[in-house]
Amino acid sequence: MFNQYDEKYATKEFYWGKKPSPICYKVLDLLPPDKPLKLLDIGCGEGRNSIFFARNGYHVTAFDLSSAGVDKTNLLAEEAGVKINTFVANLNEFRLEENFDILFSTGTLHYIPENIRKELFQNYKEHTNENGLHVFSVFVKKPFIKPAPDGESTAQKWISGELMNFYHDWKIEHSIEEIFDCMSSGIPHKHVSNRIIARKFRGEL
Ligand SMILES: C[S@@+](CC[C@H](N)C(=O)[O-])C[C@H]1O[C@@H](n2cnc3c(N)ncnc32)[C@H](O)[C@@H]1O
């Protein structure tokens, strides 16, 4: 399957850098690894977030559609002296058969076609341990934001609020909509994202 990122990841440089996304620090706070915790990074890219979590003591599994991205993730893990479990997979076909404590994804879930989102999120929710977290961000459409100049045909933006809806029965620990500037393709433009951290919480408060 064609993936524009294969080319971006084929160089020595790290396209997304090596620093973790700021939301990773919130995970440390909300579910610290004071016991063994399994984390899955969906669409890990070159591994900047996976490696951060592994360095901080989580048991990390990571996958991406791009084998070049997975290679870079392995390289970064080696550099950092941590072990992570990696594989190449298409998130639209791959389904969980084991449980995790944390499912994490940044900048990737807009590759899920609308018609399979419900079934896929059901699978993710079922395979999450009690008290576990989903830490997700999605690009959303807004009438006042122009489509990005490098918009890809495989990218399918979400409706603002759609992600939150999947978690009506979980505890929402964090939810925000953000507008931010982007320079990818060299032309300045804006994106809007919805970020959520939801906890599988079955007790009573
Ligand atoms: C914007 S990058 C984000 C990478 C990483 N999460 C990060 O924050 O550094 C999007 C990633 O999604 C991956 N991707 C695109 N389609 C995918 C699919 N169908 N299944 C799995 N990964 C996919 C791309 O290869 C790319 O690495």
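Our structure is the block above this text.
How each quantity is defined
Residues numbered from 1 in each chain as written. Predicted model: local features only at pLDDT ≥ 70, side-chain atom pairs only at ≥ 80, totals over all residues. Heavy atoms only, no water. Helix = DSSP H or I, 4+ residues; strand = E, 2+ residues; numbered from the N terminus. Rg over C-alpha atoms; globule rule 2.2 N^0.38 Å. Buried < 20%, exposed > 50% of the residue type's maximum accessible area, 1.4 Å probe, protein only. Salt bridge = Lys/Arg side-chain N within 4 Å of Asp/Glu carboxyl O. Contact = heavy atoms within 4.5 Å. Near = heavy atom within 4 Å. Polar contact = N/O pair within 3.5 Å; in protein donor to acceptor, adjacent residues only side chain to side chain. Areas by Shrake-Rupley, 256 points an atom, 1.4 Å probe, with all protein chains shown as cover. Pairing = 2+ DSSP bridges. Core = buried A, V, L, I, M, F, W, Y, C linked by side-chain atoms within 4.5 Å.

A. Representation of the overall build of the protein chain within the structure. Helix and strand counts for the protein chain stand at six helices and eight strands. Along the protein chain, helices and strands appear, N-terminal first, in the series α-α-β-α-β-α-β-β-α-β-β-α-β-β. Relative to the 2.2 N^0.38 estimate, which gives 17 Å for 205 residues, the radius of gyration of the protein chain is 16 Å and therefore close to what a compact globule would have. When the backbone C-alpha atoms are referred to their principal axes, the protein chain occupies close to 50 × 40 × 30 Å. Going through the 205 residues of the protein chain one by one, you find that 49% of them count as buried.

B. Looking closely at the pattern of salt bridges. Taken as a whole, this structure holds 12 salt bridges when the rule is applied. For Arg202, the salt bridge identified is with Glu130, shortest N-O distance 3.8 Å. In this pair, Arg202 is assigned in the segment after strand 8 (189-199) and Glu130 in strand 5 (residues 128-141), connecting sequence segments 72 residues apart. We note a salt bridge from Lys190 to Asp181, for which the minimum N-O separation is 2.5 Å. Residue Lys190 is classed as partly exposed on the basis of its relative accessible area, which comes to 39%.

C. Structural view of the side chain of Ser105. In this structure, Ser105 sits in strand 4 (residues 100-105). Ignoring any residue separated from it by four or fewer positions in sequence, one finds Ser105 in contact with Asp41, Ile42, Val135, Phe136 and Ser137.

D. Expanded view of the site of the ligand. Around the ligand, the surrounding shell holds 20 residues, and the nearest of these are Tyr9, Gly43, Arg48, Asp64 and Thr106. Contacts to the ligand include Asn90, whose side-chain N or O atom sits 2.8 Å from a nitrogen atom. Leu91 places a polar main-chain atom, nitrogen or oxygen, 2.9 Å from a nitrogen atom of the ligand. In isolation the ligand exposes 600 Å². Once the protein is present, 96% of that is buried. Broken down by secondary-structure element, the contributors of at least two residues to the shell around the ligand are helix 1 (5-9) and helix 3 (48-55).

E. Fine view of helix 5 (residues 117-126). Buried within helix 5 we find Arg117, Leu120, Phe121, Asn123, Tyr124 and Lys125. For helix 5, the elements touching its buried residues are strand 1 (38-42), strand 4, strand 5, strand 6 (158-159) and helix 6 (162-165).

F. Fine view of the pairing of strand 8. In terms of residue burial, strand 8 counts as a mostly covered element, since nine of its 11 residues are buried. The sheet contact formed by strand 5 and strand 8 spans seven bridges and is antiparallel. Directly across from Val138, in strand 8, lies its bridge partner Asn194. Across 11 bridges, strand 7 (residues 171-182) lies against strand 8 in antiparallel orientation. Counterpart to Phe180 in the pairing with strand 8 is His191. Where strand 7 folds back on strand 8, the antiparallel hairpin that results is connected by six residues, among which Ser185 adopts a positive phi of roughly 75 degrees.

G. Focus on the nonpolar core. In this structure, Ile42, Leu109, Phe121, Phe136, Trp158 and Tyr167 are the most contacted members of the largest nonpolar core, which totals 30 residues. When sequence neighbours within four positions are dropped, the list of residues in contact with Phe121 reads Leu109, Ile112, Phe136, Trp158, Leu163, Phe166 and Tyr167. Of all hydrophobic cores here, the second largest spans 22 residues; its members include Leu31, Leu39, Ile102 and Leu133.

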